[in-house]
Amino acid sequence: MKYFRKIYNGLCDVLDKIATVAMMIVFAVVFVNVVLRYLFKQSFAWSDEAARYAFIVMCLFGMVIATRDKSHFSVTMVIDHLPGIVQRILHVIIDVTCIVLIVFLIKGGFQMSDVLSDTITPGMQIPSSFRYWVLIFSGFLMLFYEICILISDILGNPNLFSETAQIEEKGR
């Protein structure tokens, strides 16, 4: 379990860095493009696509991070007032529902990447299916994190994969 937590936390660090770099790319490309348009009345042909793809990476990886941190919007007013065992059962049902939806997301990503496999973007000359491969990759990451959440909810240990569990394990 110790090695799994290392992989889990290492993946967390990589995801945070990729999302941050994607956000910086969006900012830099859009800023440079605005300056070029304002001062020289021209811009790079590829800049809109680069900003769009960086934004897609930032959003989809942000979605993975929100899944990992359980920070998606939720209304827990009713669940919080139920007995502990009922809460656990409902959390497991929610986790399974999320897993099913993520599988549909991944399946749709594969279908769309097949449809767009032959088309190339005009500015950057990359396959149009790139954005759907990012969706598929982020879908698998969300699936991984959602399965980890499901396991921790079934076992009744919300900190099973977190750094708190590592500290507790070292203290034993």
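Scope of this entry: the structure provided in the associated data block. Keep in mind the model is a prediction, meaning the values are calculated, not measured. (Residues numbered from 1 in each chain as written. Predicted model: local features only at pLDDT ≥ 70, side-chain atom pairs only at ≥ 80, totals over all residues. Heavy atoms only, no water.)

**Considering the overall build of the protein chain**
Now for step 1: A tally of regular secondary structure across the protein chain gives five helices and zero strands.
Now for step 2: What you see in the protein chain, going N to C, is helices and strands ordered as α-α-α-α-α.
Now for step 3: On C-alpha atoms alone, the protein chain measures out to a radius of gyration of 20 Å, which is more than a quarter above the 16 Å that the 2.2 N^0.38 rule sets for 172 residues.
Now for step 4: For the C-alpha atoms alone, the extent of the protein chain along its principal axes is close to 65 × 35 × 35 Å.
Now for step 5: Evaluated residue by residue, the protein chain yields a buried proportion of 33% over its 172 residues.
Now for step 6: Surface exposure of the protein chain reaches about 11,100 Å², of which carbon and sulfur atoms provide 71%.
Now for step 7: Positive and negative side-chain charges of the protein chain, numbering 14 and 14 respectively, have mean locations separated by a distance of 4 Å. (Helix = DSSP H or I, 4+ residues; strand = E, 2+ residues; numbered from the N terminus. Rg over C-alpha atoms; globule rule 2.2 N^0.38 Å. Buried < 20%, exposed > 50% of the residue type's maximum accessible area, 1.4 Å probe, protein only. Areas by Shrake-Rupley, 256 points an atom, 1.4 Å probe, with all protein chains shown as cover. Lys, Arg positive; Asp, Glu negative; His and termini not counted. Charge placed at Lys NZ, Arg CZ, Asp CG, Glu CD.)

**Overview of the packing of aromatic side chains**
To describe a pair of aromatic rings, one takes the distance between the centres and the angle between the planes.
Now for step 1: The tally for this structure, following the rule as stated, stands at ten aromatic pairs.
Now for step 2: When the centroid spacing of 6.0 Å and the interplanar angle of 15° are considered together, the rings of phenylalanine 27 and phenylalanine 31 count as stacked. On the criterion of helical spacing, the pair formed by phenylalanine 27 and phenylalanine 31 is a turn pair, its members being four residues apart in helix α1 (residues 2-40).
Now for step 3: Here the aromatic rings of phenylalanine 61 and phenylalanine 137 are separated by 5.9 Å at their centres, their planes lie at 40°, and the arrangement is tilted. Remark: phenylalanine 137 occurs in helix α4 (residues 130-155) and phenylalanine 61 occurs in helix α2 (residues 47-68); sequence separation between them is 76 residues.
Now for step 4: Take phenylalanine 61: its relative accessible area is 5%, and that puts it in the buried class. (Phe/Tyr/Trp six-rings, centres within 6.5 Å; stacked < 30°, edge-to-face > 60°.)

**A short note on the side chain of serine 113**
Now for step 1: Mapping serine 113 onto the fold places it in helix α3 (residues 84-115).
Now for step 2: Sequence-distant contacts of serine 113, defined by excluding residues within four places in its chain, comprise Ser129, Tyr132, Trp133 and Ile136. (Contact = heavy atoms within 4.5 Å.)

**Quick look at the nonpolar core**
Now for step 1: Tyr8, Leu15, Phe61, Val64 and Tyr145 are the most contacted members of the largest nonpolar core, which totals 27 residues.
Now for step 2: Looking at which element gives the most residues to this core, the answer is α4, with nine residues.
Now for step 3: Filtering out sequence-adjacent residues up to four positions away, tyrosine 145 remains in contact with Tyr8, Leu11, Cys12, Leu15, Val64, Thr67 and Arg68. (Core = buried A, V, L, I, M, F, W, Y, C linked by side-chain atoms within 4.5 Å.)

**Focus on α2**
Now for step 1: In this model, α2 (22 residues) spans 31 Å end to end at C-alpha, consistent with the 32 Å of a helix rising 1.5 Å per residue.
Now for step 2: Summarising burial for α2: 16 of the 22 residues are buried, a large majority.
Now for step 3: Downstream of α2 by a residue or two, lysine 70 has a phi angle that is positive, lying close to 55°. (Expected span 1.5 Å × (residues − 1).)

**Regarding the pattern of salt bridges**
Now for step 1: Applying the stated criterion across every chain yields a total of four salt bridges.
Now for step 2: Salt-bridge contacts for aspartate 69 lead to arginine 68; the nearest nitrogen and oxygen are separated by 2.8 Å.
Now for step 3: With a relative accessible area of 11%, arginine 68 lands in the buried category.
Now for step 4: Because the salt bridges share partners, they merge into one network encompassing Asp16, Arg68 and Asp69. (Salt bridge = Lys/Arg side-chain N within 4 Å of Asp/Glu carboxyl O.)

**A closer look at unusual backbone geometry**
Now for step 1: Backbone geometry at lysine 41 places phi at a positive 60°, although glycine is not the residue there.
Now for step 2: One can find lysine 41 in the loop between α1 and α2.
Now for step 3: On the accessibility criterion, lysine 41 (70% relative accessible area) is exposed.
Now for step 4: Even without a glycine there, the phi angle at glutamine 125 is positive, about 60°.
Now for step 5: Examined against the element boundaries, glutamine 125 turns out to sit in the loop between α3 and α4.

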